[in-house]
Amino acid sequence: MIQLELFKEEDFSRLINWVDSKKLMYIFSAERFTFPINHQQLLKYINTKDRIAYKVIDKTTNEIIGHADFSNINKQSKSARICSVLVGDKKSRNKGFGTQIINELVRIGFDEMKLHRIDLGVYDFNKQAIKCYEKCGFQIEGLLKENIKFENEYWSTYNMSILNI
C-alpha cells in the first residue's frame, strides 16, 4: 500500500540523489529538467500553477520510495497529464508499486479532482511501464515518432489515456 503526499522543498535532495544519470532523467521527465537536477529547477517545478507533484510513501515501512505528478491540469476541460513517475528507491522496484502509484493517481484525478480525462506519455521501449499503464486501464492513442532526442538517438513516445466514464 502506498500513500501520496505533496512533494515539498524538503524532498528535493532525495529526488536529486535518485536521478543519478542523464538517461534516467530523460526517462523520468523527458526534457523538463537539465542534468543534473538541482534545487532551482525543482523550485520552479513545484511552483508551476498547472502542476501537483507528489512523493510516494510505502505505508508498510513509512519510507518515501517514489515520485509522481499531474501536469497540464486544465480545469475547464477537466483533464490532466500524469508525468514524472519514478520508483526511486531501487530496493522497491519490481514489487508492484508502479501500478499502485498509477491507480492512486487515477483515483485522485477522477474522485477528488473530478477529471474527465487523464493521459500520459511513455517511451515505446519502456515495455514494463506500458504494461503497467494498460493494467491500470490506459489505452494507447498513438505514437509520436522520434519526438525526443537523447544524445545521438531519437526516442518515440506513446500517448496513452483513460476516461472517467
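Going by the structure above, here's the rest.
Report follows, based on the coordinates. (Residues numbered from 1 in each chain as written. Predicted model: local features only at pLDDT ≥ 70, side-chain atom pairs only at ≥ 80, totals over all residues. Heavy atoms only, no water.)

### Overview of the overall build of the protein
Counting secondary structure elements, the protein contains five helices and seven strands. Helices and strands in the protein line up, N terminus first, as β-α-α-α-β-β-β-α-β-α-β-β. For 165 residues, the compact-globule estimate of 2.2 N^0.38 gives 15 Å, and the C-alpha radius of gyration of the protein, at 15 Å, lies within 12% of that figure. For the protein, the spread of C-alpha atoms along the principal axes amounts to about 40 × 40 × 35 Å. Within the protein, buried positions represent 45% of all 165 residues. Looking at the protein alone, contacts between residues at least 24 apart form 57% of all its contacts between residues at least 6 apart. Carbon together with sulfur atoms contributes 47% to the accessible area of the protein, which is approximately 9300 Å² in total. Between the mean site of the 25 positive side-chain charges and the mean site of the 21 negative ones, the protein shows a separation of 1 Å. (Helix = DSSP H or I, 4+ residues; strand = E, 2+ residues; numbered from the N terminus. Rg over C-alpha atoms; globule rule 2.2 N^0.38 Å. Buried < 20%, exposed > 50% of the residue type's maximum accessible area, 1.4 Å probe, protein only. Contact = heavy atoms within 4.5 Å. Areas by Shrake-Rupley, 256 points an atom, 1.4 Å probe, with all protein chains shown as cover. Lys, Arg positive; Asp, Glu negative; His and termini not counted. Charge placed at Lys NZ, Arg CZ, Asp CG, Glu CD.)

### Structural notes on the sheet that holds strand 1 (residues 2-6)
Spatial strand order, 1-2-3-4-5-7-6: seven strands in an open sheet with mixed pairing. Each having just a single partner strand, strand 1 and strand 6 (139-150) make up the two edges of the open sheet. Neighbouring strand axes in the sheet, compared pairwise and without regard to direction, differ in orientation by 30° on average. (Pairing = 2+ DSSP bridges. Axes fitted to C-alpha atoms, helices over the stretch in contact; angles between N-to-C directions.)

### Considering the pattern of salt bridges
Counted according to the given criterion, the structure contains 11 salt bridges. Residue Arg 107 is joined to Glu 112 by a salt bridge in which the shortest nitrogen-to-oxygen separation is 2.9 Å. The salt bridge involving Asp 119 is made with Arg 117; its shortest N-O contact spans 3.4 Å. The exposure class of Asp 119 is buried, given its relative accessible area of 12%. Connected through salt bridges with shared partners, the residues Arg 81, Arg 117, Asp 119 and Glu 141 form a single ionic network. (Salt bridge = Lys/Arg side-chain N within 4 Å of Asp/Glu carboxyl O.)

### Side note on the pairing of strand 6
Across eight bridges, strand 6 lies against strand 7 (residues 153-163) in antiparallel orientation. Pairing of Gln 139 across the sheet is with Ser 161, part of strand 7. The antiparallel hairpin formed by strand 6 and strand 7 contains two residues in its connecting segment, where Glu 151 sits at a positive phi of about 50°.

### Looking at the side chain of Asp 119
Among the structural elements, Asp 119 can be located in strand 5 (residues 117-123). A polar contact of 3.1 Å, which involves the side chain of Asp 119, links it to the side chain of Arg 81. With sequence-adjacent residues up to four places away left out, Asp 119 is seen in contact with Ala 80, Arg 81, Ile 82, Phe 138, Asn 159, Met 160 and Ser 161. (Polar contact = N/O pair within 3.5 Å; in protein donor to acceptor, adjacent residues only side chain to side chain.)

### Overview of unusual backbone geometry
Here Phe 35 and Pro 36 are connected by a cis peptide whose omega angle stands at -5°. Position of Pro 36 relative to the elements: it lies in the loop between helix 2 (22-29) and helix 3 (39-46). Phi angles above zero are rare outside glycine, and Ser 84 is one such case at about 50°. Note on placement: Ser 84 falls in strand 4 (residues 79-87).

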